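Listed below are the residues making up each chain.
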Amino acid sequence: MDVQTQMIEVPAADGTMPCFLARPLGSAPLPAVLVIQEAFGLNAHIEDVARRLAATGYVALAPDLYWRGGKGRRAGYDQLPEAIGLMQSVQDPDVVADVGSAITWLEAQAFVRPGRIGITGFCMGGRVSYLVACELPGKIGACVAFYGGGIPIDRTPRLAAPVLAFFGADDGFIPLASVEELKAALARHGKPAEVVVYPGAGHGFFCDARESYRADAARDAWERTTKFLAAHLTR
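Residues numbered from 1 in each chain as written. Predicted model: local features only at pLDDT ≥ 70, side-chain atom pairs only at ≥ 80, totals over all residues. Heavy atoms only, no water.

Draft legend 1. Looking closely at the pattern of salt bridges. Evaluation of the coordinates by the stated rule reveals 14 salt bridges. When the shortest N-O distance is used, the salt bridge between arginine 155 and glutamate 135 registers 3.3 Å. Here arginine 155, found in the loop between strand 6 (142-146) and strand 7 (163-168), pairs with glutamate 135, found in helix 4 (residues 124-135); they are 20 residues apart in sequence, far enough to count as distant. A network of salt bridges, in which partner residues are shared, links Asp92, Arg127, Glu135, Arg155 and Arg158. (Salt bridge = Lys/Arg side-chain N within 4 Å of Asp/Glu carboxyl O. Helix = DSSP H or I, 4+ residues; strand = E, 2+ residues; numbered from the N terminus.)

Draft legend 2. Broad picture of the layout of surface pockets. In this structure, the largest pocket occupies an estimated 330 Å³ of space. Around the largest pocket, the lining is made up of 19 residues, and of these Ala39, Met87, Cys123, Met124 and Gly149 lie nearest the centre. For the lining of the largest pocket, the secondary structure elements donating two or more residues are helix 2 (80-88), helix 3 (92-107) and helix 4. Across the lining of the largest pocket, the residue classes break down as 13 nonpolar, 3 polar and 3 charged. (1 Å grid on protein atoms, 1.4 Å probe; cavity = no way out; pocket = protein on both sides within 12 Å on 5 of 7 lines; lining within 4 Å. Points joined across faces, edges and corners; volume = space filled by probe spheres on them. Nonpolar A, V, L, I, M, F, W, Y, C, P; charged D, E, K, R; others polar.)

Draft legend 3. Here's a closer look at the packing of aromatic side chains. Applying the stated criterion across every chain, the model contains 12 aromatic pairs. The structure contains a cluster of three or more aromatic residues connected by ring pairs, namely Phe122, Phe146, Tyr147, Phe166, Tyr198, Phe205, Phe206 and Trp222. Positioned over the ring face of phenylalanine 111 is arginine 23, at 3.9 Å from the centre of the ring. (Phe/Tyr/Trp six-rings, centres within 6.5 Å; stacked < 30°, edge-to-face > 60°. Lys NZ or Arg CZ within 6 Å of the ring centre and 35° of its normal.)

Draft legend 4. Structural detail: helix 4. When the terminal C-alpha atoms of helix 4 are compared, their 16 Å separation across 12 residues agrees well with the 16 Å that a helix rising 1.5 Å per residue should span. Burial runs high along helix 4: 10 of the 12 residues are buried. Every buried residue of helix 4 is accounted for by Met124, Gly125, Gly126, Val128, Ser129, Tyr130, Leu131, Val132, Ala133 and Cys134. (Expected span 1.5 Å × (residues − 1). Buried < 20%, exposed > 50% of the residue type's maximum accessible area, 1.4 Å probe, protein only.)

Function cannot be inferred from these measures alone, as they are strictly geometric.
Here you go:
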């Protein structure tokens, strides 16, 4: 499927937020998926994920959540301390508000199918995806979280969207005990969810630009992701 891409500016509470937009050619309304960045920022990997989603029939929008401190801020994969500093520079209320602004923009577009917006994210974005699904329960139809550290489990009662979450068994940043806590909370509150843990995979296993990339786990996670999104956003 042919895809068109562009950087756009989305109106937000305190200015305009840069976003990477990828969507199939044509004007027919399609479901949309928000693609939420890693701690490293809105980089080539996140843009590639957006393109891949667009190629499967979605309007994909990746907001730059670091824009409030200066547009275009990002760190390389060999700059972990800088990435952590960027991640710590944003606050949950601003992040939820900014993703809410991105949703509002999508809802206003004729090429977006009403009521069919999902969210996926990686690393920091995995946590943000879960957070947004809890804080904006009427807006998100499906949530796919990749190795999200510090997922706000206490907000699970507010979750309304089905969840698919991926983790690596060898993730040095996310203890398996916290993954089990997430599973228990989802089950306790009766939330439709699946949590997948890949043996031998570490943090960032989906990103082919990182040393932690694991092709088999990434391939399986992508297949599960596309099936999950189709089940909840296209039917």
